[in-house]
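Below, each chain spelled out in residue letters.
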Amino acid sequence: ICRILCSHSRSMWAQWQRWVTLSAVLCVASGGLAWERQDSPARATRICRPAPPASGIPGPQCLVIGDSVSIGYTGMVDTLLRDTCTVAHAPFSGDGGACDTRYGLQCGPLWLGNQLDGNAAPVYDVVIFNFGLHDTNDLAFDEEARDEFVPLAEYGPNLDKFAGLVRSLQPTARLGWLSSTPMHFDMHLNSNVVRYNAAALGVLVGPNSSAPTKVDSWRDMYNVVVANCSTPPYYGSKLAPNATHHCPLIADNEEYHYNAEGYALLAANVAAEFRKLLAMGPRSVAGPSTDGRSHTAPHATGSLLLAAAPAATVSMCPDNHTGCPSATTCIADSFSNSKWGCCTLEHAVDCGDSWHCCPMGTLCHANGTNPVSPSHPNPAIYSHVCVNSLL
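Residues numbered from 1 in each chain as written. Predicted model: local features only at pLDDT ≥ 70, side-chain atom pairs only at ≥ 80, totals over all residues. Heavy atoms only, no water.

### As for the side chain of His 257
So, point 1. In this structure, His 257 sits in the loop between helix H8 (221-229) and helix H9 (260-279).
So, point 2. At a separation of 2.7 Å, a polar atom in the side chain of His 257 contacts the side chain of Ser 68. (Helix = DSSP H or I, 4+ residues; strand = E, 2+ residues; numbered from the N terminus. Polar contact = N/O pair within 3.5 Å; in protein donor to acceptor, adjacent residues only side chain to side chain.)

Right, here's the structure in full:
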C-alpha cells in the first residue's frame, strides 16, 4: 500500500511540476508574469467624445477646441460670424469639452481629422484652441479631476505638441490660442491659472507677443475678464452678494462659468480673433500634407471640401450617427451630445461610467483601487484602473 501511495504521490508531483512549467511559459509568452501585472494596475483610457457633425453649409469653416467655457460661447460666436464662417466646437459634447492637454493629445486626431459620422473632417480655415482650467486642478475635487490634472512642467510641452498636431492634420488652417479665464473664487487654483497661462505664452507665443512662434495669433482672455471685473476673488450674487469683488459677468455660485452677459463678452472677443485669422488667408504649406488629403483652399467657389474616409475604416455606433475609425471601439458616453464616443483601443472593455475603457482581456476597477493589491501606491492617483482579467 505504501509503495502504491508513494508512486501515486510522485506521479502527482511530476504532473504539478509540468503544469507549473507550462503555466510559466504561457505567462512569459503573453507578455510577463501575471503576478507581476496584478500589482501594477494600468491607468484606464478615457473615452474620446466625438468630433462635430458636418455643417453642410458651404463656405469657410472654423473650429473651436476647448472646455465648457468655450462650449458656453461657441454658439454666440457662430451667430456673430454667420456671414463669415461656420463655427463648430470640438468635441461634440457637454460637460468639460476638450478637458485637459493630455486628453487633447489623445483625442485631437479624431476631432481634427474626422467628423461625427467618422468620415473625414472638412478642411478648416481657422482652428482656435484653449486648454488650462482642467490641467490646473491639483485639488482633485472629484474622480474626474484626478484624471485631468497635468503638472506645469508637462503642460507647456503638451501645448506645443497639440499645436503641432493641428498643423499636421489641418496644415492650411490658421491657428489661434486663447489664454484661460480666471477661477472666480478659489485663489489657489487661480494662481495656478496665472502660472499656466504664463507657461503657455512662453511656449506658443514666445518673447515677442506681436509675432507668435507656434500659433498665428492669440488673445488674452484672462485679462478680458479682469478688465471688466478687476482681479479675483469675486462672486456671484447668491454666493456672496456683498463681496468687494462682485463680478456681474459670472454665473451664480460658479467657480469658472459665466452668465449670458459674460459669455457675450467672451464671444465678441473670440469672434474678433476669428476675423483676424481669416483675414490672413490660408496658411501656405510646402510639400504634400501629412495626412494624404488635398488641402487646396476651396473657398473661392464657396464649397465644402470633404475627403470621405472609406466606409470599411469606420464602425457606426448603435445610434447610426456616430462613427468610430478603425482600431477604436464605440462606447456609450453620456457626456457626448450623440451619447456615444470612441475608445482609442480596439475591442475595448467598457468601464460603464461613460468616461473610461480598458484593453481587451482586462477588467476595469473604479476609484483607482486594485482588488488584488489595494495597498499598491498607485491606486489613489487615478479614478479607474485596468487589471489582468485572469486574476
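### With respect to the packing of aromatic side chains
So, point 1. Going through the model one piece at a time under the given rule, you end up with nine aromatic pairs.
So, point 2. On the basis of an interplanar angle of 65 degrees and a centroid distance of 5.7 Å, the ring pair of Tyr 103 and Trp 111 is categorised as edge-to-face. Considered together, Tyr 103 and Trp 111 belong to a single accessibility category, that of buried residues.
So, point 3. Relative to Tyr 263, the ring of Tyr 258 has its centre 5.9 Å away and its plane inclined at 70 degrees; by these criteria the two rings are edge-to-face. The pair formed by Tyr 258 and Tyr 263 is uniform in burial state, with each residue classed as buried.
So, point 4. Ring pairing ties together the aromatic residues Tyr 103, Trp 111, Phe 335 and Trp 355, which thus form one cluster. (Phe/Tyr/Trp six-rings, centres within 6.5 Å; stacked < 30°, edge-to-face > 60°. Buried < 20%, exposed > 50% of the residue type's maximum accessible area, 1.4 Å probe, protein only.)

### Looking at the pattern of salt bridges
So, point 1. All chains considered together, the criterion is met by eight salt bridges.
So, point 2. Residue Arg 43 pairs with Asp 147 through a salt bridge whose shortest N-O separation is 4.0 Å. Taken together, the residues span a long stretch of sequence, with Arg 43 in strand S1 (residues 42-43) and Asp 147 in helix H5 (residues 143-148) at a distance of 104 residues.
So, point 3. Look at Asp 147 and you get buried, because its relative accessible area is 1%.
So, point 4. Note that Asp 216 is salt-bridged to Arg 167, the shortest N-O span being 3.1 Å. Taken together, the residues Asp 216 in the loop between helix H7 (187-205) and strand S7 (217-219) and Arg 167 in helix H6 (residues 152-169) connect sequence positions 49 residues apart. Accessibility classification places Asp 216 together with Arg 167 in one group, the buried group. (Salt bridge = Lys/Arg side-chain N within 4 Å of Asp/Glu carboxyl O.)

### Observations regarding the nonpolar core
So, point 1. In this structure, Leu 63, Ile 65, Trp 111, Leu 112, Val 127, Phe 129 and Leu 204 are the most contacted members of the largest nonpolar core, which totals 38 residues.
So, point 2. Broken down by secondary-structure element, the contributors of at least two residues to this core are strand S3 (61-65), strand S4 (86-90), helix H4 (101-113), strand S5 (126-129), H6, strand S6 (174-178), H7 and strand S11 (340-343).
So, point 3. Beyond its immediate chain neighbours, meaning those up to four positions away, Phe 129 contacts Ile 65, Leu 159, Phe 162, Leu 175, Gly 176, Trp 177, Leu 178, Leu 204 and Val 215.
So, point 4. Grouped together as the second largest cluster of nonpolar side chains are 33 residues, Val 69, Tyr 234, Ala 267 and Ala 271 included. (Core = buried A, V, L, I, M, F, W, Y, C linked by side-chain atoms within 4.5 Å. Contact = heavy atoms within 4.5 Å.)

### Re the confidence of the model for the chain
So, point 1. Confidence in the prediction for the chain averages 81 pLDDT; 74% of positions are at 70 or higher.
So, point 2. Counted against residues more than four places away or in other chains, residues 1-39, with its pLDDT under 50, gives 16 contacts.
So, point 3. Low pLDDT, under 50, characterises residues 288-311; the stretch is placed with 50 contacts to residues that sit more than four places away or in other chains. (pLDDT = per-residue confidence, 0-100.)

### Looking at the environment of Arg 174
So, point 1. Tracing the sequence through the fold places Arg 174 in strand S6.
So, point 2. Classification of Arg 174 as buried rests on a relative accessible area of 16%.

### Considerations on the sheet that holds strand S13 (residues 356-358)
So, point 1. The strand order S2-S13-S12 describes an open sheet built from three strands, whose pairing is antiparallel. Both outer strands of the open sheet, strand S2 (45-46) and strand S12 (349-350), are each paired with one neighbouring strand and no more. (Pairing = 2+ DSSP bridges.)

### Overview of the side chain of Asp 135
So, point 1. Its place among the elements puts Asp 135 in the loop between S5 and H5.
So, point 2. Notably, Asp 135 is buried but unbridged: the nearest opposite-charge side chain belongs to Arg 102, and the N-O separation is 7.0 Å. (Lys, Arg positive; Asp, Glu negative; His and termini not counted.)

### A closer look at the sheet that holds strand S15 (residues 384-388)
So, point 1. An order of S1-S15-S14 is seen for the three strands of this open sheet, with the pairing classed as antiparallel. Two strands close off the open sheet at either side, each with one partner strand: S1 and strand S14 (362-366).

### So, unusual backbone geometry
So, point 1. A cis amide bond links Ala 90 with the next residue in sequence, Pro 91, at an omega value of 0 degrees.
So, point 2. Summarising the element assignment, Pro 91 is placed in the loop between S4 and H4.
So, point 3. A positive phi angle, close to 65 degrees, is found at Ser 230, a residue other than glycine.
So, point 4. Position of Ser 230 among the secondary structure elements: in the loop between H8 and H9.
So, point 5. Take Ser 230: its relative accessible area is 38%, and that puts it in the partly exposed class.

### Here we look at the pairing of S4
So, point 1. Across the five residues of S4, five count as buried, placing the element largely inside the fold.
So, point 2. Along S4, one buried face is formed by Thr 86, Ala 88 and Ala 90 and the opposite face, lined by Val 87 and His 89, is buried too.
So, point 3. Alignment of S3 against S4, held across five bridges, turns out to be parallel. Each residue of the ladder has a partner; that of Val 64, found in S4, is His 89.
So, point 4. Viewed along the sheet, the connection from S3 through helix H3 (residues 68-80) into S4 turns out right-handed. (Right-handed = clockwise from strand over helix to strand, strands pointing away.)

### Quick word on H9
So, point 1. Across its 20 residues, H9 extends 28 Å between first and last C-alpha, which sits within 8% of the 28 Å expected from 1.5 Å per residue.
So, point 2. Among all positions of H9, only Gly 262, Tyr 263, Leu 266, Ala 267, Asn 269, Val 270, Ala 271, Glu 273, Phe 274 and Leu 277 are buried.
So, point 3. The opening residue of H9 is Asn 259, an N-cap whose side-chain oxygen sits 3.2 Å from the backbone nitrogen of Glu 261.
So, point 4. One or two steps after H9, the chain reaches Gly 281, where phi turns positive at roughly 80 degrees. (Expected span 1.5 Å × (residues − 1).)

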